[in-house]
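This is what each chain is made of:
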Amino acid sequence: PCSMSVMLCEENHISLQCILAGRALSEAYASVSRVEGQLDERFNIAFAEGLGYLSPSPLNTGSGLQISTLLCLPSMTEAGQIDRLIKGLSEIGVSLRAILNEKGHNVGSLFYMNYRPQFHQGEASALAFVEGILSTIISEERSVQHTSVSPAAEQRADRIMRAIGTLHHAL
C-alpha cells in the first residue's frame, strides 16, 4: 500500500505525493492518478486544453509531475564515482544530491534523485525515462560492488558479520 499525502494551499494549490518502497514508480503514479481523478470529479481545478493544469509556477503548469526516488549507493560512493554520476545526470536534466547530516556529511551513502519532465514530455515517457536511469544506476552500483574490494568495503563487511554474530549469540 502507498503512503499518500494530499497537501492543500501549497505553491501549486494541490500537491499529491505517494511513497512506496522499492522501484514502484508505476504503482505510485497509478495511486496518485486515482486520487487526481477523484479531485477532478469533485472540484473545479484550473485546467486549459493544450496546457494542462494551471499553476502560479510556470514550471508546474501541465501535469506538474515530479518523479523522485531515494537511492543507497555505497559502492559508488566509496569508489569516488558519485561526482561523475551527479554531473552526468545533471546533463540530462536529473538532479542527484546527497542526504546530509547536520555536520554536512553524507548519511549512509543515501542520495535523493529528482526529475521534472519537460513540458512537452508525456507522463508515461517520463516514467520510462526515469526507470531506465534507475536500471542503469543500479547496474552500475552492482558492477562497482563486485569489481572493487576496497579496504573500506572489507571493513564494512567485517562490521556486518560481527553484528550478525553478536545478534545470533545474544539470544
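Scroll up a little and you will see the structure.
Residues numbered from 1 in each chain as written. Predicted model: local features only at pLDDT ≥ 70, side-chain atom pairs only at ≥ 80, totals over all residues. Heavy atoms only, no water.

Peer 1: How would you summarise the packing of aromatic side chains if you had to cite specific residues and measurements?
Peer 2: Evaluation of the coordinates by the stated rule reveals two aromatic pairs. Considering the side-chain rings of Phe-47 and Tyr-53, the 5.2 Å spacing of their centres and the 80° angle between planes classify their relative orientation as edge-to-face. A centroid spacing of 4.9 Å and a plane angle of 50° characterise the contact between Tyr-115 and Phe-129, whose relative ring orientation is tilted. Linking Tyr-115 in strand β7 (residues 106-115) with Phe-129 in helix α4 (residues 123-147), this pair joins segments that are 14 residues apart in sequence. The partly exposed category is assigned to Phe-129, whose relative accessible area is 27%. (Phe/Tyr/Trp six-rings, centres within 6.5 Å; stacked < 30°, edge-to-face > 60°. Helix = DSSP H or I, 4+ residues; strand = E, 2+ residues; numbered from the N terminus. Buried < 20%, exposed > 50% of the residue type's maximum accessible area, 1.4 Å probe, protein only.)

Peer 1: Any details on a nonpolar patch on the surface? Residues and values, ideally.
Peer 2: The grouping of Val-6, Leu-8 and Ile-14 at the surface amounts to a nonpolar patch, some 240 Å² of accessible area in total. Within the fold, Leu-8 resides in strand β1 (residues 3-10). (Patch = residues over 30% accessible without salt bridge, like charges linked within 9 Å, V, L, I, M, F, W, Y side chains within 5 Å. Areas by Shrake-Rupley, 256 points an atom, 1.4 Å probe, with all protein chains shown as cover. Salt bridge = Lys/Arg side-chain N within 4 Å of Asp/Glu carboxyl O.)

Peer 1: Let's hear about the environment of Tyr-112: which residues, and what values?
Peer 2: Following the sequence through the fold, Tyr-112 ends up in strand β7. Tyr-112 gets classed as partly exposed once you look at its relative accessible area, which sits at 26%. Placed 48 residues apart in sequence, Tyr-112 and Gly-64 show a C-alpha to C-alpha distance of 19 Å. Reaching out from Tyr-112, the side chain makes a polar contact with the side chain of Ser-68 at a distance of 2.9 Å. (Polar contact = N/O pair within 3.5 Å; in protein donor to acceptor, adjacent residues only side chain to side chain.)

Peer 1: A description of the side chain of Gln-121 should follow, citing residues and the corresponding values.
Peer 2: Relative to the assigned elements, Gln-121 resides in the loop between β7 and α4. Residue classification places Gln-121 among the buried positions, given a relative accessible area of 19%. A polar contact is formed between the side chain of Gln-121 and the side chain of Tyr-115, at a distance of 2.5 Å. At 3.4 Å, the side chain of Gln-121 forms a polar contact with the side chain of Ser-125.

Peer 1: Which residues make up the nonpolar core, and what values go with them?
Peer 2: Counting 21 residues, the largest nonpolar core has Leu-73, Leu-89, Met-113 and Ile-137 as its most contacted members. Among the elements that take part in this core, α4 stands out by supplying seven residues, more than any other. (Core = buried A, V, L, I, M, F, W, Y, C linked by side-chain atoms within 4.5 Å.)

Peer 1: Break down the sheet that holds strand β5 (residues 67-72) for me, with residues and values.
Peer 2: Picture the strands of a sheet paired through backbone hydrogen bonds; they go either parallel or antiparallel. The three strands lie next to each other as β5-β7-β6, forming an open sheet whose pairing is antiparallel. Edge positions in the open sheet fall to β5 and β6 (94-100), since each of these has one partner strand only. Neighbour-to-neighbour, the strand axes of this sheet turn through a mean angle of 25°, independent of strand direction. Relative to β7, β5 runs antiparallel, the two being bridged by six bridges. Residue pairing across strands places Leu-71 opposite Phe-111, the latter belonging to β7. In this fold α4 packs onto β5, β6 and β7, with an angle of close to 150° to the strand it touches most, β7. (Pairing = 2+ DSSP bridges. Axes fitted to C-alpha atoms, helices over the stretch in contact; angles between N-to-C directions. Contact = heavy atoms within 4.5 Å.)

Peer 1: Residues and numbers for the pattern of salt bridges, please.
Peer 2: Evaluated as defined, the whole model comprises three salt bridges. Here Arg-23 makes a salt bridge to Glu-131, at a shortest N to O gap of 3.1 Å. One end of the pair, Arg-23, is in the loop between β2 (13-19) and α1 (25-42); the other, Glu-131, is in helix α4, and 108 residues separate them in sequence. Across the pair Glu-91 and Lys-87 runs a salt bridge, and its minimum N-O distance is 2.9 Å. Of this pair, Glu-91 and Lys-87 both sit in helix α3 (residues 82-91), separated by four residues, roughly a single helical turn. Taken individually, Glu-91 and Lys-87 each receive the classification exposed, so the pair is uniform in this respect.

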